[in-house]
Amino acid sequence: MDPSRVFADGALDGRVALVTGGGTNLGKAAAAELARCGASVVIAGRREEVLTAAAQEIGERCSWAAGDIRDRSAAEQLVATCRERHGRLDFLLNNAGGQYFVPAEGITAKGWRAVQRLNVEGTLAMCEAAFESAMGPAGSGTIVNVTVSPHQGFPAMAHTGAARAAIEAISRELALKWGPE
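Here's what I pulled together on the structure shown here.

Rules and cut-offs
Residues numbered from 1 in each chain as written. Predicted model: local features only at pLDDT ≥ 70, side-chain atom pairs only at ≥ 80, totals over all residues. Heavy atoms only, no water. 1 Å grid on protein atoms, 1.4 Å probe; cavity = no way out; pocket = protein on both sides within 12 Å on 5 of 7 lines; lining within 4 Å. Points joined across faces, edges and corners; volume = space filled by probe spheres on them. Helix = DSSP H or I, 4+ residues; strand = E, 2+ residues; numbered from the N terminus. Nonpolar A, V, L, I, M, F, W, Y, C, P; charged D, E, K, R; others polar. Core = buried A, V, L, I, M, F, W, Y, C linked by side-chain atoms within 4.5 Å. Buried < 20%, exposed > 50% of the residue type's maximum accessible area, 1.4 Å probe, protein only. Contact = heavy atoms within 4.5 Å. Phe/Tyr/Trp six-rings, centres within 6.5 Å; stacked < 30°, edge-to-face > 60°.

**Points about the layout of surface pockets**
Inference 1: The volume enclosed by the largest pocket comes to roughly 660 Å³.
Inference 2: Looking at the largest pocket, it is lined by 35 residues, and the ones nearest its centre are G21, N95, A96, G97 and G98.
Inference 3: Of all elements in the fold, only helix 1 (25-36), strand 2 (40-45), helix 2 (48-58), helix 4 (109-138) and helix 5 (158-178) reach the threshold of two or more residues within the lining of the largest pocket.
Inference 4: Considering only residue class, the lining of the largest pocket consists of 13 nonpolar, 18 polar and four charged.
Inference 5: Computed from the structure, the second largest pocket encloses a volume of approximately 300 Å³.
Inference 6: Lining the second largest pocket are 17 residues, with G141, I143, L174, A175 and W178 sitting closest to its centre.
Inference 7: Listed by contribution, the elements that provide at least two residues to the lining of the second largest pocket are helix 4, strand 5 (142-145) and helix 5.
Inference 8: The dominant element in the lining of the second largest pocket, judged by the number of residues it contributes, is helix 5, at five residues.
Inference 9: In the lining of the second largest pocket, the residues fall into eight nonpolar, eight polar and one charged.

Following this line, the structure appears as structure tokens:
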């Protein structure tokens, strides 16, 4: 794998990272960069074939684990998989998310719940699983929740704007609560 163009070689040697939504797009690119910097990376998502291909492309520092973060027990299992494979979890990148374009007046209850469940509940489940079973007991770790600013709104994306605002609020609250630990 080529050296990082952004960070110093070996900056993450000995670290273990878990990237949700790691099989495609931003998650896959972030996982590749983490691996280039020396981290052992586990990418997570729901589709095994996508994860397998991405892990092969990223290289030997990358493995994968299938799971649906909307299910709390699956989130816990993803963290447990990192600990089983690597003995620890140092960095969680919550990148998994989903939305679709629809005017606010066209959002159905089912669509609203789907976006909230994946983006908000899934992210919170991963944060809690990582902190409770890995980072809290270790006394260290980093959690990054990928989102975009919801403050200006998104045309035809009110449901995702609400989810992003919730993630921002959750991130701030958890940082205050867990930061000292």
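**Regarding the nonpolar core**
A general trend in soluble globular proteins is that nonpolar side chains are found buried together.
Inference 1: Ranked by internal contacts, the top residues of the largest apolar core, which has 20 residues, are L18, L78, V79, L89 and M126.
Inference 2: Counting residues per element, the ones that place at least two in this core are strand 1 (16-20), strand 2, helix 3 (72-86) and helix 4.
Inference 3: Aside from chain neighbours lying at most four places away, what touches L78 is L18, A44, A65, A66, G67, I69 and M126.
Inference 4: In terms of nonpolar packing, the next biggest core, distinct from the first, is built from 15 residues, V19, L34, A35 and I58 among them.

**Description of the packing of aromatic side chains**
Inference 1: All chains considered together, the criterion is met by one aromatic pair.
Inference 2: Aromatic pair F131 and W178: ring centres 4.1 Å apart, planes at 5°, arrangement stacked. Of this pair, F131 sits in helix 4 while W178 sits in helix 5, placing them 47 residues apart in sequence. Each member of the pair F131 and W178 is classed as buried.

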